[in-house]
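So the chains spell out like this:
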Amino acid sequence: MSLLTNVMDHSLDDGYAEAAARKRADGAGGLPRTVRAKLGLAAGLVLAALVVTVGAAQARVTAPVIAKERGELVDRIEDETAAADKLEKSVDGLRDDVDARQREALEKSGDADRSDLVGVLSGAVAVHGPGVKLVVDDAEEVDSAGDGRPRGTSGFSDTGRVRDRDMQRVVNGLWESGAEAISVNGQRLTALSAIRAAGDAVLVDNRPLVPPYTVLAVGDGKDLSRRFQDSADGLYLNAIQESYGIRTAISVAGDLRLPAAPSVIVRTAQPITEKGTS
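This one's a predicted model, so the numbers in the text were calculated from it and none came from an experiment. (Residues numbered from 1 in each chain as written. Predicted model: local features only at pLDDT ≥ 70, side-chain atom pairs only at ≥ 80, totals over all residues. Heavy atoms only, no water.)

### Examining a negative patch on the surface
Test applied: Residues enter a patch when their relative accessible area is above 30% and they make no salt bridge; the linking distance is 9 Å between like charges and 5 Å between nonpolar side chains (Val, Leu, Ile, Met, Phe, Trp, Tyr). We get accessible surface area from the Shrake-Rupley algorithm with a probe of 1.4 Å; when it comes to residues, only the shown protein chains can shield them. The term salt bridge refers to a pairing of a side-chain nitrogen on Lys or Arg with a carboxyl oxygen on Asp or Glu at a separation within 4 Å. For the purpose of charge, His is not counted, nor are the chain termini; Lys and Arg are scored as positive and Asp and Glu as negative. The atom standing in for a charge is NZ when the residue is Lys, CZ when it is Arg, CG when it is Asp and CD when it is Glu. Only DSSP runs of H or I reaching four residues or more are called helices, and only runs of E reaching two or more are called strands; each is numbered from the N terminus. Whether a residue is buried, partly exposed or exposed follows from its accessible area with a 1.4 Å probe, protein chains only, as a fraction of its type maximum: under 20%, in between, or over 50%, in that order.
A surface patch of like charges, here negative, comprises Glu69, Glu72, Asp75, Glu78, Asp79 and Glu80. Mapped onto the secondary structure, Glu72 falls in helix α3 (residues 35-109). Assessed through its relative accessible area of 45%, Glu72 is described here as partly exposed.

Spelled out as structure tokens, the structure:
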């Protein structure tokens, strides 16, 4: 008990107690005692208050300007978006008019069936029919930002992310397996389509896509699914699923609907006319 009592009575070391007492005697502790020190402290407080006041005043003055600029920017974006939508509707109307005139001309020449076939194979017209739905997604632990936001940057390496060359093999494998029309996330593919990478994004015809990637392929559903899964590209997809955790799901669908491609412009190729025809 004597030791416990001694600790309670002398909680502060004697040396610290003596130093504190000496400082109080010299007047070194507490608030400044001289007039000069007090004036210096007061000047410092006034300067700090002045800086805070000026900063608040500037923020209050610039806030309406920033809000106005932001509002003008939002208005410009909305106006440009409306103009783009209007132009897109105009393009759709012109495309329909061209298709109608083309069909009318071919009907007069007795070649309407060939026009329909060319339109389907080129992606110029919307199509529907049985086929295969294939969903390819990043590995579960990868931040794929499936809510529409861009994916974070991590380098385009084997980290469980679906890459452009993975999608290229998937699409080429489906074509080789008998697909007649293919779309990726609603983007119709044509003979001129390109799948490539820009940073961490996968682009189809220069349009960035967000995982999961939904590939729709019109064809003989069961046979198309079997042939793709048995192909080299289907086995490749299964291998990266096992190695990197990439998620895939394939199913046969009774009726898939694929939109027409936004634009099919041929600048170089020319049709071969049969001999004896004009």
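### A word on unusual backbone geometry
Peptide bonds are trans in most cases, and residues, glycine excluded, mostly fall at negative phi. Following Pro211, the chain continues to Pro212 via a peptide bond in cis, the omega torsion being 0°. Considering the arrangement of structural elements, one finds Pro212 in the loop between β6 (207-209) and β7 (213-218). At Asp205, a residue that is not glycine, the phi angle is positive and equals roughly 55°. Of note, Asp205 is situated in the loop between β5 (201-204) and β6. With relative accessibility at 27%, the residue Asp205 sits in the partly exposed group.

### What to know about the pairing of strand β2 (residues 181-184)
Put simply, the test is: A pair of strands counts as paired when DSSP detects no fewer than two bridges linking them.
Across the two faces of β2 the burial is the same, with Ala181 and Ser183 and Ile182 and Val184 all buried. One ladder, built from four bridges, connects β2 with β7; its direction is antiparallel. Along β7, the bridge assignment pairs Ala181 with Val218. Summarising the sheet, β2 and strand β3 (residues 187-188) pair through two bridges and their orientation is antiparallel. Across the sheet, Val184 pairs through a bridge with Gln187, a residue of β3. Hairpin remark: β2 followed by β3, antiparallel, with two residues in the connecting loop; positive phi at Asn185, about 50°.

### A word on the pairing of β5
The pairing of strand β4 (residues 195-198) with β5 spans four bridges and is antiparallel. Paired with Ala197 across the strands is Val202, a residue of β5. Hairpin connection from β4 to β5: two residues lie between these consecutive antiparallel strands, with Gly199 at a positive phi of about 70°. Between the end of β5 and the start of β6, which pair antiparallel, lie two residues, with Asp205 showing a positive phi angle near 55°.

### Describing the pattern of salt bridges
Summed over all chains, the structure comprises six salt bridges. Linking Arg227 and Asp223 is a salt bridge whose minimum nitrogen-to-oxygen distance equals 3.8 Å. Here Arg227 pairs with Asp223, and both are found in helix α6 (residues 221-230), just four residues apart, close to one helical turn. A single network of salt bridges, built from pairs that share partners, joins Asp223, Arg226 and Arg227.

### A few points about helix α5 (residues 164-176)
Operational definition: A helix's residues, less one, multiplied by 1.5 Å, set its expected span.
Between its first and last C-alpha, α5 extends 18 Å over 13 residues, near the 18 Å set by a 1.5 Å rise per residue. Within α5, burial applies to Asp164, Asp166, Met167, Val170, Val171, Gly173 and Leu174. The first or second residue beyond α5 is Gly178, which carries a positive phi of 115°.

### Re a nonpolar patch on the surface
There is a patch of nonpolar side chains on the surface, built from Leu47, Leu50, Val51 and Val54 and spanning about 370 Å² of accessible area. Along the chain, Val51 falls in helix α3.

### Some points on the confidence of the model for the protein chain
Convention followed: Per-residue confidence from the predictor is given as pLDDT, running between 0 and 100. Every residue pair with non-hydrogen atoms within 4.5 Å of one another is taken to be in contact.
Per-residue pLDDT for the protein chain averages 79, and the proportion of residues at 70 or more is 73%. When mean pLDDT is taken per element in the protein chain, β7 scores highest with 95 and helix α1 (residues 2-9) scores lowest with 60. Low pLDDT (under 50) marks residues 144-157, which in the prediction has 38 contacts with non-local residues, meaning those over four places away or in another chain.

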